[in-house]
Amino acid sequence: MANSDDTSTATTDPTPDGADFHDREPLIKGNLSFHDVTEIVAKHTEKQTPLAWYLAFTVASSMALMLVLMLAYQVWNGVGVWGNNQPVGWGWPIVNFVFWVGIGHAGTLISAILFLFRQRWRTSINRAAEAMTLFAVMCALIFPTFHVGRVWAIYWTLPIPNQMEMWPQFKSPLLWDVFAVSSYFLVSLVFWYIGLVPDLATLRDRTNKFFRQKVLAFFSLGWTGANRHWRNYEKAYLLLAGLATPLVLSVHSVVSFDFAVSVLPGWHTTIFPPYFVAGAIFSGFAMVVTLMVIARKIYGLENLITIDHLEKMNIIILVTGTIVGFAYITEFFMAWYSGVEYEQYAFLNRAFGPYAWAYWIMMSCNLISPQLFWSKKLRRSIPVMFTLSIVVNIGMWFERFVITITSLHRDFLPSSWGYFEPTWVDILTFVGSFGLFFTLFLLFLRFVPMVAIAEVKGVMPEADPHFYEEGDGRPAGANVPYIQPAEEASDRPETGETRRGTEPTG
Amino acid sequence: MLDELTTEVKASMGIYESDAEQVYGLLAEFSNPGELMHAAEATREKGYRHFDAHSPFPIHGMDRAMGLGNSKVGFFAFGGGVTGLATGYLLQWWTSAVDYPINISGKPFFAVEPSVPIMFELTILFAAFGAVAGMLALNGLPRPYNPLFYSDRFRRATDDGFFLHVAASDPQFDPETTAQDLRELGARHVELVQDDGSAEV
């Protein structure tokens, strides 16, 4: 009757039970109990709003308002208010689009790929990183939307039946982009929300305020932490991670197709998809480090987001930065090896032409500066990593600038060569997009649990049921079965009688 | 027959029916995940079927302890993925080769190769929606009303409380003996939850 072998199958919990489990450093510092973890995270959504938050929000939302005004100005007057002009038809809007989409890669990478690789340290940072992803993708989507010039016709990019009886041109990489980025946004949103449900239930159960409780009850869907629910929940979460992994890799690949599928020297290279993906991870992690260094300090999360977490992110920055730098050099080799005169000129012009300053900013920020992280001391130093994370994102913005502008500004017809310069509208629109990003992020910090409470509890050693049996108060190794045979439990007086059961299990 | 089936399906979602006296079930609190898991295992061994463990995080090994099989969410995700793939294919084929063919540089009206990115994206999108919709359907969520919410103590189930709920709809359920069983399993606290809004010790 109670033979568990008949009914059991593999569990979906990605807890690794390696032989070295006992030797592992705890991920969460400060000897916290489950309740402490809830308290540390939840109190920031429950306390009175601090004055500093209002100040920061005022600044950020003013900048966001500026974005709205700039976009209105652009819609009223046309794309001519930007610096885009022949031959540089893709100016800052596309640079900014790729920049923001790139930043939006870290969140889902942390949630999905690190989940599949069983990197349990991700639990402390995944919530904030996913939120950052969503906000960055929103900022990104603004630019191509308004770059089309007639923003009221943007729905033509979607397959919606219309009075012209025309359909979008599905052979265009720009349309692939519409599908890739919007699918990415929707899947990331769903992934983020599903992760939030247990934590919203935690907040719901802590409050006695009527309105707050009703809102939280609505969004937490009546979650009670039932194991029958956790079972399907974990499976769904695993599947979402498995689906989001190829998705996150595909999104920036498709973004790179916007360039690579053209026949323009400097864009038309097969290296673009992997190189763009590495760059996206690189810039996204840098942005996560920038935000987390500030947030963990202000919100007192040093025990949850420890220096070890930051160090691991810095290692990823080092690895991806070096991949990106290697790709820069490979591009040069390919240009030389292709024997195509135009291709070779495009690259020499990049490094030594009128935009050489931008090229060398890119090289020093993206390839050279992350090499500092080879030193353990430097990658564990908060001021160093904070500065470097900003340097990296400056460098990554310049990478997109170099790719877009330098390839376009000298086309096949020397009479149309020119030097692209942005206008004040370009600059204020870009600054305004940061305003939107920080406005949304501040709202997130204020109203949503910024660390995944349930997931963090799940990686604490106390969460392992065997923690209480092994005697040494440490989690079990791989050789301990999850269900102890009934005989072995006879030393547990309070449960021994019932645990004998009708027949031994296991 | 159909009623029984509905009851069992709802029970698999964690939705149980109250008995004639409006009793929803017994809620027992345990001190830690280890005790909860053993209690769940012992409850199953005693022959109970309508019971559930509530914890602030998923407990590794609890599915096996409760005798639950593999989750069925994967089928929903697969169905979603197939739907997405078919949608991506048919959408691009029908719009560009059937409904309004446009000759561009003599390229074929429809070919699989340039259609791959959108087919891929829609596969992922629909599979993700399938996984989430399947998870919600199998869990019977959203569920705004749950008699367990009448228990004040149960609020800790999302913080640091570990609860075992044995439903009154279980054929073996008896308020007295089941409570005694739960106490023997080491429950720190046992209360009777009623559907009319009370939870008593």
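Residues numbered from 1 in each chain as written. Chains lettered and ligands numbered in written order. Predicted model: local features only at pLDDT ≥ 70, side-chain atom pairs only at ≥ 80, totals over all residues. Heavy atoms only, no water.

A. Geometry of the overall build of chain A. Along chain A, the regular secondary structure elements total 18 helices and zero strands. Counting over 506 residues, chain A shows a buried share of 58%. Sequence separation of 24 or more characterises 79% of the internal contacts of chain A that already satisfy a separation of 6 or more. (Helix = DSSP H or I, 4+ residues; strand = E, 2+ residues; numbered from the N terminus. Buried < 20%, exposed > 50% of the residue type's maximum accessible area, 1.4 Å probe, protein only. Contact = heavy atoms within 4.5 Å.)

B. View of the overall build of chain B. Of regular secondary structure, chain B possesses six helices and five strands. Ordering the α and β elements of chain B from the N terminus gives α-β-α-β-α-α-α-β-α-β-β. Its C-alpha radius of gyration of 24 Å places chain B more than 25% over the 17 Å reference for a compact globule of 201 residues. The C-alpha extent of chain B, read off along each of the three principal axes, is 80 × 35 × 30 Å. For chain B, the residues scored as buried account for 55% of the 201 residues in total. (Rg over C-alpha atoms; globule rule 2.2 N^0.38 Å.)

C. Quick look at the interface of chain B and chain A. Chain B puts 83 residues into the contact, and the matching count from chain A is 80 residues. A combined buried area of about 7600 Å² lies between chain B and chain A, and 63% of that area is made up of carbon and sulfur atoms. Linking chain B to chain A there are one salt bridge. The salt bridge involving Asp 52 of chain B is made with Arg 228 of chain A; its shortest N-O contact spans 3.7 Å. One can count 29 residue pairs in polar contact (both at pLDDT 80 or more) joining chain B with chain A. Elements supplying a minimum of two residues to the side of chain B that touches chain A: helix H1 (2-12), helix H2 (33-45), strand E2 (51-54), helix H3 (62-66), helix H4 (73-99) and helix H5 (116-139) of chain B. If you tally residues by element for the side of chain B that touches chain A, the top one is H5 of chain B, at 16 residues. (Buried area = accessible area lost by both parts, 1.4 Å probe. Salt bridge = Lys/Arg side-chain N within 4 Å of Asp/Glu carboxyl O. Polar contact = N/O pair within 3.5 Å; in protein donor to acceptor, adjacent residues only side chain to side chain.)

D. Just the pattern of salt bridges, in detail. All names here are of chain A. On inspection of all chains with the given rule, the structure shows 18 salt bridges over all chains. Its salt-bridge partner being Glu 302, residue Lys 297 comes within 3.7 Å of it at the nearest N-O pair. With a relative accessible area of 60%, Lys 297 lands in the exposed category. A cluster of three or more residues bridged by salt bridges with shared partners is formed by Asp 308, Glu 311, Lys 376, Arg 379 and Arg 380.

E. Molecular detail of the confidence of the model for chain B. Residues and elements named next belong to chain B. With 98% of its residues at a pLDDT of 70 or more, chain B has an overall mean of 88. For chain B, strand E5 (residues 199-200) is the element with the lowest average pLDDT, namely 64, and H5 is the one with the highest, namely 94. Reported confidences for the modelled complex are a pTM of 0.87 and an ipTM of 0.92. (pLDDT = per-residue confidence, 0-100.)

F. Just the domain arrangement of chain B, in detail. Looking at the assigned domains, one finds that chain B contains domain 1 (2-69 + 146-200) and domain 2 (73-138). Placing the centre of domain 1 of chain B and that of domain 2 of chain B at their C-alpha centroids yields a distance of 43 Å. (Domains from an automatic or database assignment.)

G. Looking closely at unusual backbone geometry. In this structure, Pro 87 of chain A follows Gln 86 of chain A across a cis peptide bond, with omega equal to 0°. Inspection of the secondary structure puts Pro 87 of chain A in the loop between helix H3 (51-77) and helix H4 (92-103). Geometrically, the link from Leu 141 of chain B to Pro 142 of chain B is a cis peptide bond, its omega value of -5° lying close to zero. Turning to its location among the elements, Pro 142 of chain B is positioned in the loop between H5 and strand E3 (162-167). Positive phi is not limited to glycine here, since Leu 221 of chain A has a value of about 60°. Mapped onto the secondary structure, Leu 221 of chain A falls in the loop between helix H8 (210-219) and helix H9 (227-260).

H. Seen up close, H4 of chain A. Residues and elements named next belong to chain A. The terminal C-alpha atoms of H4 lie 16 Å apart, and with 12 residues this matches the ideal 16 Å at 1.5 Å per residue to within 8%. When you tally the buried positions in H4, you get 12 out of 12 residues, the bulk of the element. For H4, the set of buried residues is Trp 92, Pro 93, Ile 94, Val 95, Asn 96, Phe 97, Val 98, Phe 99, Trp 100, Val 101, Gly 102 and Ile 103. (Expected span 1.5 Å × (residues − 1).)

I. Looking closely at the packing of aromatic side chains. Residue and element names in this part refer to chain A. This structure, assessed with the given rule, holds 62 aromatic pairs over all chains. Ring centres of Trp 230 and Tyr 233 lie 5.3 Å apart, and the angle between their planes is 90°; this geometry places the pair in the edge-to-face category. Of this pair, Trp 230 and Tyr 233 both sit in helix H9, three residues apart, roughly one helical turn. With a centroid separation of 5.9 Å and 15° between ring planes, the pair formed by Tyr 345 and Trp 417 is classed as stacked. Remark: Trp 417 occurs in the loop between helix H15 (382-409) and helix H16 (424-447) and Tyr 345 occurs in helix H12 (residues 341-352); sequence separation between them is 72 residues. Tyr 345 gets classed as partly exposed once you look at its relative accessible area, which sits at 34%. (Phe/Tyr/Trp six-rings, centres within 6.5 Å; stacked < 30°, edge-to-face > 60°.)

J. Main features of the nonpolar core. One finds Trp 100, Met 292, Phe 401 and Phe 444 of chain A to be the most contacted residues of the largest nonpolar core, which totals 186 residues. For this core, the leading source of residues is helix H7 (residues 173-206) of chain A, giving 17 residues. Among the domains, domain 1 (2-69 + 146-200) and domain 2 (73-138) of chain B are the pair contributing at least three residues each to this core. Among all residues touching Met 292 of chain A, those that are not within four sequence positions of it are Ile 125, Ala 128, Ile 305, Leu 310 and Phe 441 of chain A. Counting residues in each nonpolar core, the second largest holds 10 residues, with Tyr 16, Leu 148, Ala 157 and Phe 163 of chain B among its members. (Core = buried A, V, L, I, M, F, W, Y, C linked by side-chain atoms within 4.5 Å.)

K. Broad picture of the pairing of E2 of chain B. Residues and elements named next belong to chain B. Here E2 shows a buried face lined by Phe 51 and Ala 53 and a second buried face lined by Asp 52 and His 54. Bridge count for E2 against E3 is four bridges, and the pairing is antiparallel. Bridging across to E3, His 54 finds its partner in Phe 163. (Pairing = 2+ DSSP bridges.)

L. Structural view of the environment of Phe 170 of chain A. Along the chain, the position of Phe 170 of chain A falls in the loop between helix H6 (126-147) and H7. Along the chain, Phe 170 of chain A and Met 63 of chain A lie 107 residues apart, while their C-alpha atoms are 36 Å from each other. Excluding residues within four positions of it along the chain, Phe 170 of chain A makes contact with Pro 159, Leu 175, Trp 176 and Phe 179 of chain A together with Leu 91, Gln 92, Thr 95, Pro 114 and Ile 118 of chain B.

M. Spatial organisation of a nonpolar patch on the surface. Together, Tyr 155, Trp 156, Leu 158, Ile 160, Met 164 and Met 166 of chain A together with Tyr 100, Ile 102 and Ile 104 of chain B give the surface a local cluster of nonpolar side chains, amounting to about 740 Å² of exposed area. Tracing the sequence through the fold places Leu 158 of chain A in the loop between H6 and H7. (Patch = residues over 30% accessible without salt bridge, like charges linked within 9 Å, V, L, I, M, F, W, Y side chains within 5 Å. Areas by Shrake-Rupley, 256 points an atom, 1.4 Å probe, with all protein chains shown as cover.)

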